[in-house]
Amino acid sequence: FLFECTMGLRGFEGAGCILADDMGLGKTLMSITAMWTLLNQGFKQGEPAVRKVIIACPTSLVGNWDNEIRKWVGDHCPTFAVKSEPKKMIKSFLLHRYKGVMIISYETQRLYSKMFENHMKSPSTMMVGGSCCDLLICDEAHKLKNADSELARCLNQLPAKKRILLSGTPMQNELTEFFNMVNFCNPGVLGTINEFRRKYE
């Protein structure tokens, strides 16, 4: 499911999905498996589907994601876990030219979003065709339920078309929150908010 969605094989416009399982059912491991697959293979022979991955999550989960990736993938893929010295760590990841995974808290990504923006605008990045993010994984993604929040806006500016949202509670209070999450990972797939309200809500 994750591979088909992120590779555009599910018959809808977009390359994202929401994995909305309860706690303890292995969302982290499933995401790492999908991430590792995309980092190592694609439709063109010898060319992986993604090179750079950003995992955004609550601060308390940064270390956990780092440990899980090391546990299942080992040293085969460098991780850049932003626990301290955020500027230095983000810069190292942005300048890293090979496959790599950055794990960053939502708050830190929001505070340093200009670094990602500036990197994408720099002539050297455009020249080598490097992207700072080919795949975005958001843990506890119900934090993105408000489309107008600065957090959602900053993450949305990342160039990744492939997006995986993980949440045990994708629908909490109203369907508009669900629409915002779906629209974040697959823009326009449910139409406009007004069309969604008329047709579904």
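To keep things clear, this report deals only with the structure shown in the data block.

Reading the values: the criteria
Residues numbered from 1 in each chain as written. Predicted model: local features only at pLDDT ≥ 70, side-chain atom pairs only at ≥ 80, totals over all residues. Heavy atoms only, no water. Axes fitted to C-alpha atoms, helices over the stretch in contact; angles between N-to-C directions. Helix = DSSP H or I, 4+ residues; strand = E, 2+ residues; numbered from the N terminus. Parallel < 35°, antiparallel > 145°, perpendicular 65-115°, else oblique. Left-handed = near helix turned anticlockwise from the far one by under 90°. Contact = heavy atoms within 4.5 Å. Nonpolar A, V, L, I, M, F, W, Y, C, P; charged D, E, K, R; others polar. Phe/Tyr/Trp six-rings, centres within 6.5 Å; stacked < 30°, edge-to-face > 60°. Buried < 20%, exposed > 50% of the residue type's maximum accessible area, 1.4 Å probe, protein only. Pairing = 2+ DSSP bridges. Right-handed = clockwise from strand over helix to strand, strands pointing away.

Attention shifts here to the packing of helix α4 (residues 86-95) against helix α6 (residues 113-121). Axis separation between α4 and α6 bottoms out at 11 Å; the angle between their running directions is 25°. Taken together, α4 and α6 sit at an angle that is classed as roughly parallel. Where α4 crosses over α6, the handedness of that crossing is right-handed. On α6, the residues touching K87, I90, K91 and L94 of α4 are M115, F116 and H119. Split into classes, the residues belonging to the contact of α4 with α6 amount to 4 nonpolar, 1 polar and 2 charged.

Taken as a whole, this structure holds 3 aromatic pairs when the rule is applied. Taken together, a centroid distance of 5.5 Å and an interplanar angle of 70° make the contact between F80 and F93 edge-to-face. One end of the pair, F80, is in strand β3 (residues 79-81); the other, F93, is in helix α4, with 13 residues separating them in the sequence. Take F80: its relative accessible area is 11%, and that puts it in the buried class. Given the relative accessible area of 0%, F93 is considered buried. Seen in terms of ring centroids, F196 and Y200 are 5.4 Å apart; in terms of plane orientation they differ by 40°. Their pairing is tilted. On the basis of relative accessibility, which here comes to 4%, the residue F196 falls in the buried class. Cluster of aromatic residues (ring-pair linked, three or more members): F179, F196 and Y200.

Another aspect to go through is the pairing of strand β6 (residues 162-166). By the criterion of burial, β6 is predominantly enclosed, with 5 of the 5 residues buried. Residues K162, I164 and L166 of β6 are buried on one face, and the alternating residues R163 and L165, pointing to the opposite face, are buried as well. The pairing of strand β1 (residues 15-19) with β6 spans 5 bridges and is parallel. Bridged to C17 within β6 is I164. Bridge analysis of strand β5 (residues 135-138) against β6 gives 4 bridges, and the strand direction is parallel. Paired with L135 across the strands is K162, a residue of β6. With helix α8 (residues 150-156) bridging β5 and the parallel β6, this β-α-β connection has right-handed handedness.

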